[in-house]
Amino acid sequence: MSDGKDARVLRAAALLAAIALGLCIFLAVHSVSGTAMPGCSAGSGCDSVLSGRWSKLFGFLPVAALGAGMYLAVLLCLVLRLSGRDGLVEDMVGAVLTFLCTAILFAALWFIVLQFWKVKAVCPWCMVTHVLGIGLSLLLLCQERPLKLPAVLAGAGAAGCAFGNQICSGNMPSFAPK
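Let me sum up the structure you'll find in this document. (Residues numbered from 1 in each chain as written. Predicted model: local features only at pLDDT ≥ 70, side-chain atom pairs only at ≥ 80, totals over all residues. Heavy atoms only, no water.)

### Quick look at the packing of helix α4 (residues 88–119) against helix α5 (residues 124–143)
Rules: Geometry is summarised by axes, namely lines fitted to C-alpha atoms with helices restricted to the contacting stretch, and by angles between N-to-C directions that run from 0 to 180 degrees. A run of DSSP states H or I qualifies as a helix once it reaches four residues; a run of E qualifies as a strand once it reaches two. Both are numbered from the N-terminal end. Each crossing is labelled by how the near helix is turned from the far one, with a counterclockwise turn of less than a right angle marking it left-handed and a clockwise turn marking it right-handed. Pairs of residues are marked as contacts when any of their non-hydrogen atoms sit within 4.5 Å. Under the scheme applied, nonpolar residues are Ala, Val, Leu, Ile, Met, Phe, Trp, Tyr, Cys and Pro; charged residues are Asp, Glu, Lys and Arg; polar residues are all the others, including Gly.
Running from amino to carboxyl end, α4 crosses α5 at an angle of 145°, the nearest separation of the two axes being 8 Å. Considering only the axes of α4 and α5, their crossing is left-handed. Each of L97, T98, C101, T102, I104, L105, A108, L109, F111, I112, Q115 and F116 in α4 lies in contact with α5, whose residues at this interface are C126, M127, H130, G133, I134, S137, L138, L140 and L141. A per-class count over the contact of α4 with α5 returns 15 nonpolar, six polar and no charged.

### Remarks on the packing of helix α3 (residues 63–82) against α4
The condition is simple: Should an angle fall under 35 degrees it is called roughly parallel, over 145 degrees roughly antiparallel, and 65 to 115 degrees roughly perpendicular, with every other angle called oblique.
Interhelical geometry of α3 versus α4 gives an angle of 150° and a closest axis separation of 10 Å. Here α4 runs roughly antiparallel to α3, going by the angle between their axes. Judged by the sense of rotation from one axis to the other, the crossing of α3 with α4 is left-handed. Facing V63, M70, Y71, A73, V74, C77, L78, L80 and R81 of α3, the residues of α4 in contact are E90, V93, G94, V96, L97, L100, A103, I104 and F111. Of the residues contributing to the contact of α3 with α4, the split by class is 15 nonpolar, one polar and two charged.

### Some points on the side chain of S31
As a reminder of what qualifies: Under the scheme applied here, a residue whose accessible area is under 20% of the maximum for its type counts as buried, over 50% as exposed, and between as partly exposed, the area being computed with a 1.4 Å probe on protein chains only.
Inspection of the secondary structure puts S31 in helix α1 (residues 4–33). What makes S31 buried here is its relative accessible area of 19%. Filtering out sequence-adjacent residues up to four positions away, S31 remains in contact with L50, K56 and P62.

### Comments concerning α3
Put simply, the test is: One less than the residue count of a helix, multiplied by 1.5 Å, gives the span that helix is expected to have.
Between the first and last C-alpha of α3 there are 29 Å, a value that for 20 residues agrees with the 28 Å anticipated at 1.5 Å per step. All of the buried residues along α3 are A64, G67, A68, M70, Y71, V74, L75, C77, L78 and R81. Following α3 by one or two positions, G84 has its phi on the positive side, about 80°.

### What to know about the packing of aromatic side chains
Quick reminder of the rule: Between rings of Phe, Tyr and Trp, where Trp is taken as its six-membered ring, a pair exists when centres lie within 6.5 Å; planes separated by under 30 degrees are stacked, by over 60 edge-to-face, and by other angles tilted.
Counting across every chain of the model gives two aromatic pairs. An angle of 65° between the planes, with centres 5.3 Å apart, marks the rings of F26 and W125 as edge-to-face. Of this pair, F26 sits in helix α1 while W125 sits in helix α5, and the two are 99 residues apart along the sequence.

Set out below in structure tokens:
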């Protein structure tokens, strides 16, 4: 799997995942410390997104911290895949990558929708992270053959559980026009 074109795709994916990981760590640190992100003054759209109720899971965990964990796991899987392992390890790595990429894809789309329709503010740092996540996910999901349906369903379910946590935490979205 790690020969020629496939290795270039995996390295590109690793670069996207590393950048997204760095951004998530940066966002999570700022969220926990309560400091403003560079270019995001108090009361800005960026501040509204990062300090809002939708920016945390279980009321305290920055979603960026969860994102950092996801991107770190993707990086570890890519290292394993680039190491040229075959057989059962390769199948397991493929299933885990499919799960992670599906969850990242759905989460990125969810948070983009929330920014535009619920929060009505946009965080440029978050949007860059979401675009990286979407690109990374599509790149890896399109390369994965055969696509592992149980891993896709599990990834979508995991993302759905995170959304459910936010909704059940009193953050019920209302997308109806006002």
